[in-house]
Amino acid sequence: SRLDAVKNILSRIGGSMETERLINSVSATGYISWNNLRIPGVLQRLAWSYLVVACLDLMVDSWWSPGLDILLYWPAWLCVLLLEGIWLSFTFLLPVPDCPTGYLGPGGIGDMGLYENCTGGAAGFIDRWLLGESHIYQAPSSRAIYATRMPYDPEGVLGSINSVFMAFLGLQAGKIILHYRDLPTSIMSRFLLWGLFLGVISAILTKCSTDRGFIPVNKNLWSLSYVTTLACFAFVLLVVIYYTVDVKKWWSGAPFYYPGMNSILIYVGHEVFEEYFPFRWPMANSQSHAEHLTQNLVATSCWVFISYVLYRKKIFWKI
Ligand SMILES: *[C@@H]1O[C@H](CO)[C@@H](O)[C@H](O)[C@H]1NC(C)=O
């Protein structure tokens, strides 16, 4: 009967934009069709990253040896560095028709409107060429700010190389925890060193600026500096949480592990219900950061509460 209830809810919202997002065919016309099915997506990107990283890990399992954690699986590191070489080459060397080579900007009215149709540079070009304009995301965030007209997919093919790197850094964290089990000082010093190392790389790549560096932090491009910056923050946060939760046991980790244990359910729920009250309501001033913040905090709190109820009822969605 629970399944019936879910089916009932799904059929009630059938035909709306929200259901379409579930199966990834957001289109201008609002109809689901093979002709405008979006091929990339968030879940596709997660699946791809985990697939590659899992394969790398299986491949090098037999090389496991004591010593420096980075040497535990250096062949996998070699593969990842090779992948990064591919990302850098395509991003900075691929000639894109009517666009400057190595362009990383939004196009549209950005850069004085000089590169109107160059949204996303090589990354955008590859997706439009490989997947087709109608099979990628149609309303990138650059549209609102830079009045761009080109479809551009924030989960495109080129960025998927860097998301593999990001997942791989997560694997590195896991390796450290496993390898230095019961040695919290070793674990924390390694996390901090990784954080520091990635932070230095980010500082160099971005020249500590918003958009004047060699590679700016850009989530739509999943740029290399975006990966190193986020991973830097993640390692540092991990040290804080590992110390307070696992080492000192000052804190259980609540409420974070409730949504963490139901992440796919929360993600799908958020996608389906994001336009509905109480997750969203018409804003008095859509330009107000305070109001956006309030709305997002309310929505997040609701999902944390929902995940707490599900946790108590032992309902977990797993793939
Ligand atoms: C960009 O594309 C649009 C629509 O395809 C076209 O009208 C416009 O001339 C293009 N701009 C440049 C600078 O090529």
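Along each chain, residues carry numbers from 1 onward, in the same order as the chain's sequence is written. In keeping with the model being predicted, local features are shown solely for residues with a pLDDT of at least 70 and side-chain atom pairs are shown and tallied solely at 80 or more, while totals for entire chains, interfaces and linings include all residues. Side-chain descriptors were evaluated using all non-hydrogen atoms of the structure, hydrogens and water having been removed beforehand.

1. Topic: the packing of aromatic side chains
At step 1: Under the pairing criterion, centres of Phe, Tyr and Trp rings, with the six-membered ring standing for Trp, must be within 6.5 Å; the plane angle then separates stacked pairs below 30 degrees from edge-to-face pairs above 60, leaving the rest tilted. All told, the structure shown has 20 aromatic pairs when counted by the stated rule.
At step 2: Look at W194 and F235: their rings are 6.2 Å apart centre to centre, the planes differ by 20 degrees, and that puts the pair in the stacked class. Here the residue W194 occupies a position in helix α8 (residues 184-206), and F235 occupies one in helix α9 (residues 224-247), the gap between them amounting to 41 residues. With respect to burial, W194 and F235 carry one shared label: buried.
At step 3: When the ring of Y311 is compared with that of F316, the centres are 6.1 Å apart and the planes differ by 75 degrees; the resulting orientation is edge-to-face.
At step 4: Overall, the relative accessible area of 27% leaves Y311 in the partly exposed class.
At step 5: Think of it in three bands: with a 1.4 Å probe and only protein chains considered, a residue is buried below 20% of the maximum accessible area for its type, exposed above 50%, and partly exposed in between. Classification of F316 as partly exposed rests on a relative accessible area of 29%.
At step 6: Taken together, the ring pairs connect W77, F165, F168, F191, W194, F197, F235 and Y242 into an aromatic cluster.
At step 7: When the NZ atom of lysine or the CZ atom of arginine is within 6 Å of a ring's centre and also within 35 degrees of its normal, the charge is said to sit over that ring. Its end group placed over the ring of W222, R45 keeps NZ or CZ at 4.9 Å from the ring centre.
At step 8: In this structure, K207 is placed above the aromatic ring of F214, and the distance from its NZ or CZ to the ring centre is 4.5 Å. Helix numbering and strand numbering both begin at the N terminus, where a helix is a DSSP run of H or I of at least 4 residues and a strand a DSSP run of E of at least 2.

2. Considerations on the UniProt feature "transmembrane region" (unreviewed entry) in the protein
At step 1: UniProt positions are given in the numbering used here, feature names are shortened, and annotations may be inferred rather than shown by experiment. UniProt records the feature "transmembrane region" (unreviewed entry) for residues 71-94, 157-178, 190-206, 226-244, 256-273 and 293-311 in the present numbering.
At step 2: Between the first and last C-alpha atoms of residues 190-206 the distance is 24 Å; the span itself is 100% helix and 0% strand.
At step 3: Along residues 226-244, the helical share is 100% and the strand share 0%, with 27 Å between the first and last C-alpha atoms.

3. A few points about a nonpolar patch on the surface
At step 1: On the surface, a nonpolar cluster with roughly 920 Å² of combined accessible area is contributed by L192, V236, L237, V240, I241, Y243, V247, W250, W251 and F256.
At step 2: Broken down by element, the nonpolar patch gets its largest block of residues, six residues, from α9.
At step 3: Relative to the helices and strands, I241 is located in helix α9.
At step 4: By relative accessible area, which is 32% here, I241 ends up partly exposed. Like-charged residues are merged into a patch within 9 Å and nonpolar side chains (Val, Leu, Ile, Met, Phe, Trp, Tyr) within 5 Å, provided each residue has over 30% relative accessible area and no salt bridge. Calculation of accessible area relied on Shrake-Rupley with a 1.4 Å probe; when residues are assessed, cover is drawn exclusively from the protein chains displayed. Salt bridges are counted wherever a side-chain nitrogen of Lys or Arg sits within 4 Å of a carboxyl oxygen of Asp or Glu.

4. Focus on the state of the cysteines
At step 1: We call a pair of cysteine sulfur atoms a disulfide whenever their separation is within 2.5 Å. For the coordinates displayed, the defined rule picks out one disulfide.
At step 2: The disulfide partner of C99 is C118, and the S-S distance across this bridge is 2.0 Å. The chirality of the disulfide connecting C99 with C118 is left-handed, given an S-S dihedral of about -95 degrees. Pair noted here: C99 is in the loop between α4 (74-93) and α5 (121-130) and C118 is in the loop between α4 and α5, with a separation of 19 residues, a long-range link.
At step 3: The class for C99 is buried, based on a relative accessible area of 14%.

5. Things to note about the pattern of salt bridges
At step 1: Within the structure shown, the criterion is met by five salt bridges.
At step 2: With a closest N to O distance of 2.9 Å, E155 and R38 form a salt bridge. Of the two residues, E155 sits in the loop between α6 (142-146) and α7 (157-179) while R38 sits in the loop between α2 (17-22) and α3 (42-59), which places them 117 residues apart along the sequence.
At step 3: Using a relative accessible area of 9% as the deciding quantity, one classes E155 as buried.
At step 4: Note that K175 is salt-bridged to D57, the shortest N-O span being 2.7 Å. Here K175 is found in helix α7, whereas its partner D57 is found in helix α3, with 118 residues between them in sequence.

6. A word on α4
Structurally, the α-helix is built with 3.6 residues per turn, so residues lying three or four positions apart point the same way.
At step 1: The end-to-end C-alpha separation of α4 is 27 Å, in line with the 28 Å expected for 20 residues at 1.5 Å each.
At step 2: Among all positions of α4, only P75, A76, W77, V80, E84, W87 and T91 are buried.
At step 3: Residues of α4 that are buried make contact with α3, α5, α7, α8 and α9. One fewer than the residue count of a helix, multiplied by 1.5 Å, yields its expected span. By the convention used here, residues are in contact when the closest approach between their heavy atoms is within 4.5 Å.

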